[in-house]
Amino acid sequence: GAARPTPHRPRAPMRAVAVWGCGTGVGKTLLSAGLMRAAAARGAPALFVKPVQTGVPDSDGATVARLRGRGCRHEPAGHATEAGLGVFTSASGSAAPPTRVTTLFAWRGPPPPPPAARRGTH
């Protein structure tokens, strides 16, 4: 017989969560790892993006991947890799549902000031 058409199933709405905190050591990374684990427990795909990492070789992305567990992989973007961040995969199992952890930019020390600050203008 002829193949039956597959009915269209609408995707569940995507949710975005931004974790903000004032200062270092206030729990942003631990909260992010907890959110990633909660998404995995619900079978939901998840993406963690660390826009800027300072203090390399420390890596919040690798910490989130380690705490998320089950084979979660931290894959730094080009700039972060050039600064010395490496790929990290947590031990044990697969990261299903799809899970991604990435760091976009990284510096060994504080990031350079923006051009306006270097010129002394705003």
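Above this text you will find the structure in question.
Note that the structure is a prediction, hence the values are computed from the model and not measured.

Draft legend 1. Quick look at the environment of alanine 46. Tracing the sequence through the fold places alanine 46 in strand 1 (residues 46-54). The class of alanine 46 is buried, set by a relative accessible area of 17%. Each C-alpha atom, one on alanine 46 and one on alanine 16, is 9.5 Å from the other, the two residues being 30 residues apart in sequence.

Draft legend 2. Quick peek at the pattern of salt bridges. Throughout the structure, instances matching the rule amount to 1 salt bridge. Aspartate 60 is the partner of lysine 50 in a salt bridge, and the nearest nitrogen-oxygen pair spans 2.7 Å. Pair noted here: lysine 50 is in strand 1 and aspartate 60 is in helix 2 (residues 60-68), with a separation of 10 residues, a long-range link.

Draft legend 3. Highlighting helix 1 (residues 28-41). An ideal rise of 1.5 Å per residue puts 20 Å on 14 residues; helix 1 measures up with 20 Å between its terminal C-alpha atoms. Among the residues of helix 1, those classed as buried are Thr29, Ser32, Ala33, Met36, Ala39 and Ala40. Around the axis of helix 1, the buried residues are gathered within 120 degrees of arc, so they sit on the same side. Across helix 1 from its buried face, at more than 90 degrees, point the exposed residues Leu30 and Ala41.

Draft legend 4. Broad picture of the nonpolar core. Of all hydrophobic cores here, the largest spans 9 residues; its members are Ala33, Met36, Ala39, Ala46, Phe48, Val64, Ala65, Cys72 and Val101. Contributions of two or more residues to this core are made by helix 1, strand 1 and helix 2. Among the elements that make up this core, the one with the highest residue count is helix 1 (3 residues). Of all hydrophobic cores here, the second largest spans 5 residues; its members include Val56, Ala80, Leu85 and Ala106.

Draft legend 5. Just the packing of aromatic side chains, in detail. Scanning the entire structure with this criterion turns up 1 aromatic pair. A ring pair is formed by phenylalanine 105 and tryptophan 107, whose centres lie 6.4 Å apart and whose planes are at 20 degrees; its orientation type is stacked.

Draft legend 6. Spotlight on the side chain of serine 32. With respect to the element layout, serine 32 can be found in helix 1. Reaching out from serine 32, the side chain makes a polar contact with the backbone oxygen of lysine 28 at a distance of 2.8 Å. For serine 32, the residues in contact, after removing those within four places along its chain, are Val19, Phe48 and Val64.

Draft legend 7. Focus on helix 2. All of the buried residues along helix 2 are Gly61, Ala62, Val64, Ala65 and Arg68. Relative to the axis of helix 2, the buried residues are bounded by an arc of 160 degrees and lie together on one face. The inward-facing, buried residues of helix 2 contact helix 1, strand 1, strand 2 (73-74), strand 3 (88-89) and strand 4 (99-107). Of the residues one or two after helix 2, glycine 69 is the one with positive phi, at around 70 degrees.

Each value, and the rule that gives it
- Residues numbered from 1 in each chain as written.
- Predicted model: local features only at pLDDT ≥ 70, side-chain atom pairs only at ≥ 80, totals over all residues.
- Heavy atoms only, no water.
- Helix = DSSP H or I, 4+ residues; strand = E, 2+ residues; numbered from the N terminus.
- Buried < 20%, exposed > 50% of the residue type's maximum accessible area, 1.4 Å probe, protein only.
- Salt bridge = Lys/Arg side-chain N within 4 Å of Asp/Glu carboxyl O.
- Expected span 1.5 Å × (residues − 1).
- Arc of directions from axis to C-beta.
- Core = buried A, V, L, I, M, F, W, Y, C linked by side-chain atoms within 4.5 Å.
- Phe/Tyr/Trp six-rings, centres within 6.5 Å; stacked < 30°, edge-to-face > 60°.
- Polar contact = N/O pair within 3.5 Å; in protein donor to acceptor, adjacent residues only side chain to side chain.
- Contact = heavy atoms within 4.5 Å.

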